[in-house]
Amino acid sequence: PHTGRLALYLLGLQATCPPVSPHRSLVTWLKYYLEKDWRGSQERGHPVTSYYQYGLGVLALCVHRKRVRDQVVQRLLTAQHHGRLGHGGNTVDTEAVLALAFTCLQQRKLVGTELAAKLRLAAHEASRNMTKAQGPDGVIGNIYSTPWALQVFLATGACQTEPAFGQAMAALLENLEAFGTAATMAQALPVLHGHSYLDIASRHCGEEPDTLTPLDMEPLPEVPGNKTVQLVVECPLPWCYDLRLYDRLVPVPAAASLLDVLQAAAALDPREFRFHSQDTPQGPFLTQVLGLEARQEKRNYWQILSASDTPLQMGIAEYRPPDGATITLRLSEW
């Protein structure tokens, strides 16, 4: 599995209070993947995966009380200091993950005194950046980045003094319907209970009750009627033959998600519109449109925009565009 997915799995496994430690070999594998990523970053100037995944890996190792080489930590500090974490203009989730990893290493005394002081300053700088990234609606970055930012406020203690914390928490409570997958719920639930992922390392598991029970999910209510969505595909990159590659009205049922709209457009004329998506823990992720593939090694991605070039705040399977909406799929660089 990718570094980030294995890191999240290990964090979740540790949070379940396992009676023994059967996942020791998985921690070793994570260290192997991080080392492989480290060697790749020396050649490329950035991690082979991403700073987000690498930060998750460091955080998971720290929660399991495993040291990370000082050179690796220093490289992450340098990337944050020089603003190299970006993806599509939103660096909140990446910087938040690094801030949690820095805070964990410093609090668990897994680094020396001098480096610990640098990590403390970097974590508080990240907390200030979270505040600067907050919009008038209280959202920090986007709705899925907001729980990460809230975890930083909790981990650094800024939640007690930072007004942005209360505003972001209110925004999270207003948008809980956006968190419909296990991975997104896992980011929001600790925050709703006043915790961050750092608290996994200090849990007392001696008398942990077995409270895991199946959740009976109610189906979404049926919405009668139909709607029409304007679907646009743009490629402003120099090597594209045209800016606007597709522009068509797509009729769909009233309850259709954006994923349903894409499937309907492909069904209308497979020669005119085609797309591919990849299943991730956060839900389907758009990877290819009209034969143009978004690839991490090329540092590009399919940006999804609603009205007035506003980046979409939800996944393609969760977002239900209103009747008459215009959705733009734009191949962008980061």
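Parameters and conventions
- Residues numbered from 1 in each chain as written.
- Predicted model: local features only at pLDDT ≥ 70, side-chain atom pairs only at ≥ 80, totals over all residues.
- Heavy atoms only, no water.
- Pairing = 2+ DSSP bridges.
- Helix = DSSP H or I, 4+ residues; strand = E, 2+ residues; numbered from the N terminus.
- Contact = heavy atoms within 4.5 Å.
- Axes fitted to C-alpha atoms, helices over the stretch in contact; angles between N-to-C directions.
- Parallel < 35°, antiparallel > 145°, perpendicular 65-115°, else oblique.
- Left-handed = near helix turned anticlockwise from the far one by under 90°.
- Nonpolar A, V, L, I, M, F, W, Y, C, P; charged D, E, K, R; others polar.
- Patch = residues over 30% accessible without salt bridge, like charges linked within 9 Å, V, L, I, M, F, W, Y side chains within 5 Å.
- Areas by Shrake-Rupley, 256 points an atom, 1.4 Å probe, with all protein chains shown as cover.
- Salt bridge = Lys/Arg side-chain N within 4 Å of Asp/Glu carboxyl O.
- UniProt positions renumbered as here; feature names shortened; annotations may be inferred.
- Buried < 20%, exposed > 50% of the residue type's maximum accessible area, 1.4 Å probe, protein only.
- Polar contact = N/O pair within 3.5 Å; in protein donor to acceptor, adjacent residues only side chain to side chain.
- Phe/Tyr/Trp six-rings, centres within 6.5 Å; stacked < 30°, edge-to-face > 60°.

Trainee: I would appreciate a short explanation of the sheet that holds strand S5 (residues 292-293) in the present structure.
Mentor: Where strands meet in a sheet, backbone hydrogen bonds hold them as pairs that are either parallel or antiparallel. Reading across from one edge, S3-S4-S5 is the order of the three strands in this open sheet, with antiparallel pairing throughout. Edge strands, defined here as strands with exactly one partner in the open sheet, are strand S3 (275-280) and S5. Here S3 runs beside strand S4 (residues 283-289); their pairing, made up of six bridges, is antiparallel. Bridged to Phe275 within S4 is Val289. The strands that helix H10 (residues 258-268) touches are S3 and S4; relative to S3, the one it contacts most, it runs at about 150°.

Trainee: How do you make sense of the packing of helix H4 (residues 70-81) against helix H5 (residues 92-107) when you look at a structure like this?
Mentor: Two measures define how a pair of helices packs: the angle their axes make with one another and the distance between the axes. In contact at an axis separation of 11 Å, H4 and H5 are set at 140° when each is read in the N-to-C sense. When the interaxial angle is binned, H4 and H5 end up oblique. Between H4 and H5 the crossing geometry is left-handed. Mapping the contact onto sequence places Val73, Leu76, Leu77 and Gln80 in H4 and Glu95, Leu98, Phe102 and Leu105 in H5. Considered class by class, the residues forming the contact of H4 with H5 number six nonpolar, one polar and one charged.

Trainee: Looking at this structure, I do not really get a nonpolar patch on the surface. What am I missing?
Mentor: A cluster of nonpolar side chains, contributed by Leu173, Leu176, Leu189 and Leu192, occupies part of the molecular surface with about 330 Å² of accessible area. For Leu192, the position within the fold is in helix H9 (residues 182-192).

Trainee: What is the right way to look at the sheet that holds strand S8 (residues 326-333) in this model?
Mentor: A sheet is described by the order of its strands in space; here five strands give the open sequence S2-S1-S8-S6-S7, paired in mixed fashion. Strand pairing shows two members of the sheet lacking a second neighbour, strand S2 (244-253) and strand S7 (310-311), which therefore form its edges. Here strand S6 (residues 300-306) runs beside S7; their pairing, made up of two bridges, is antiparallel. From the neighbouring strand, Ser306 faces S7, where its bridge partner is Thr310. Contacts from H10 reach strand S1 (226-234), S2, S6 and S8, with the element oriented near 110° to S2.

Trainee: What should I look at first to understand the UniProt feature "binding site: cyanocob(III)alamin" (unreviewed entry) in the protein in this one?
Mentor: In this numbering, the UniProt entry assigns the feature "binding site: cyanocob(III)alamin" (unreviewed entry) to Thr49, Ser50, Tyr51, Tyr52, Gln53, Asp93, Asn142, Gln187, Leu312 and Trp334. Assignment of secondary structure puts Thr49 in the loop between helix H2 (24-44) and helix H3 (51-63). Judged by relative accessible area, Thr49 falls into the buried class, the value being 14%. Taking relative accessible area as the criterion, Gln53 reaches 15% and is therefore assigned buried. When sequence neighbours within four positions are dropped, the list of residues in contact with Gln53 reads His2, Thr3 and Gly4. Only 3.5 Å separates the side chain of Gln53 from the backbone nitrogen of Thr3, close enough to count as a polar contact.

Trainee: I keep staring at the packing of aromatic side chains and nothing clicks. Help me out?
Mentor: Any aromatic ring pair is given by two values, namely how distant the centres are and how the planes are angled relative to each other. Applying the stated criterion across every chain yields a total of nine aromatic pairs. Each ring, one from Trp29 and one from Tyr32, has its centre 5.5 Å from the other, and the planes form 90°; the classification is edge-to-face. Taken together, the residues Trp29 and Tyr32, both in helix H2 and three residues apart, mark about one turn of the helix. Arranged with centres 5.4 Å apart and planes meeting at 85°, the rings of Trp148 and Tyr197 form a pair that is edge-to-face. In this pair, Trp148 is assigned in helix H7 (residues 146-156) and Tyr197 in the loop between H9 and S1, connecting sequence segments 49 residues apart. One exposure class covers both Trp148 and Tyr197, and it is buried. Joined through ring pairs, the aromatic side chains of Trp29, Tyr32 and Tyr33 make up one cluster.

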